[in-house]
Amino acid sequence: MFPPKIKDFVVSLIRKTENGEFSWIYDDDNSSVDLQTKQFTASLRYSFNQIEEYGEFVLFYCDSQDQKEYRFYTNQTWNDYDTARRLFDSAQSSGLSLPF
């Protein structure tokens, strides 16, 4: 489950992505979306846990100043999974060019 501070950050990422402020890179082979800004980089990765049979997201965050990587995890059994899924879907479509 995401800590409250991270969940708030994810909600802000959703808002900024859906407003067109961020354009993410989608990596189909690794089921991930990646964002690089001057202040931080973020990567959200999806996987399916075949043993426990549920989806999982891991958010990787790296601050540009301290260069430390932080990892935050959620899965379908926790209430913030839908928030992570919305960010993943919004990020995945952010760089997509549709015909209309």
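Residues numbered from 1 in each chain as written. Predicted model: local features only at pLDDT ≥ 70, side-chain atom pairs only at ≥ 80, totals over all residues. Heavy atoms only, no water.

Structurally, the position occupied by Glu56 is in strand 4 (residues 54-63). Here Glu56 sits buried without a salt bridge, and the closest side chain of opposite charge, Arg45, lies 12 Å off (N-O distance). In terms of polar contacts, Glu56 uses its side chain to reach the side chain of Asn49, at 3.1 Å. Setting aside residues no more than four positions away along its own chain, Glu56 makes contact with Arg45, Tyr46, Ser47, Asn49, Tyr73, Thr74, Asn75 and Tyr81. (Helix = DSSP H or I, 4+ residues; strand = E, 2+ residues; numbered from the N terminus. Buried < 20%, exposed > 50% of the residue type's maximum accessible area, 1.4 Å probe, protein only. Lys, Arg positive; Asp, Glu negative; His and termini not counted. Salt bridge = Lys/Arg side-chain N within 4 Å of Asp/Glu carboxyl O. Polar contact = N/O pair within 3.5 Å; in protein donor to acceptor, adjacent residues only side chain to side chain. Contact = heavy atoms within 4.5 Å.)

Turning to the pairing of strand 2 (residues 32-36), a few remarks are in order. Where strand 1 (residues 25-27) lies against strand 2, three bridges are found, and the strand directions are antiparallel. The residue bridging Asp27 from the neighbouring strand is Ser32, located in strand 2. What sits between the antiparallel neighbours strand 1 and strand 2 is a turn of four residues, in which Ser31 has the positive phi angle 50°. By the bridge criterion, five bridges tie strand 2 to strand 3 (residues 40-49) in an arrangement that is antiparallel. Bridge pairing in strand 3 links Gln36 to Thr41. (Pairing = 2+ DSSP bridges.)

To continue, consider helix 1 (residues 4-18). Quick reminder: α-helices carry 3.6 residues per turn. Residues three or four places apart thus point the same way. Here helix 1 spans 21 Å end to end across 15 residues, near enough to the 21 Å set by a 1.5 Å rise per residue. Considered for burial, the residues of helix 1 that qualify are Ile6, Val10, Leu13, Ile14 and Thr17. Looking straight down helix 1, one finds its buried side chains confined to an arc of 100°; they lie on one side. Within helix 1, the exposed residues directed more than 90 degrees away from the buried face are Pro4, Lys5 and Asp8. Buried residues along helix 1 sit against strand 2, strand 3, strand 4, strand 5 (69-75) and helix 2 (81-94). (Expected span 1.5 Å × (residues − 1). Arc of directions from axis to C-beta.)

Once that is clear, we can look at the sheet that holds strand 5. Ordered in space as 1-2-3-4-5, the five strands form an open sheet in which the pairing is antiparallel. Looking at strand neighbours, the two that pair on one side only are strand 1 and strand 5, the edges of this open sheet. If you compare each strand with its neighbour and ignore which way they point, the axes differ by 20° on average. Both strand 4 and strand 5 contribute to a ladder of seven bridges, which runs antiparallel. When the bridges of strand 5 are listed, Glu56 appears paired with Asn75. Of the strands in this sheet, strand 2, strand 3, strand 4 and strand 5 touch helix 1, which is tilted by about 90° from strand 4. In this fold helix 2 packs onto strand 1, strand 2, strand 3, strand 4 and strand 5, with an angle of close to 70° to the strand it touches most, strand 4. (Axes fitted to C-alpha atoms, helices over the stretch in contact; angles between N-to-C directions.)

By themselves, these figures tell us nothing about what the structure is for.
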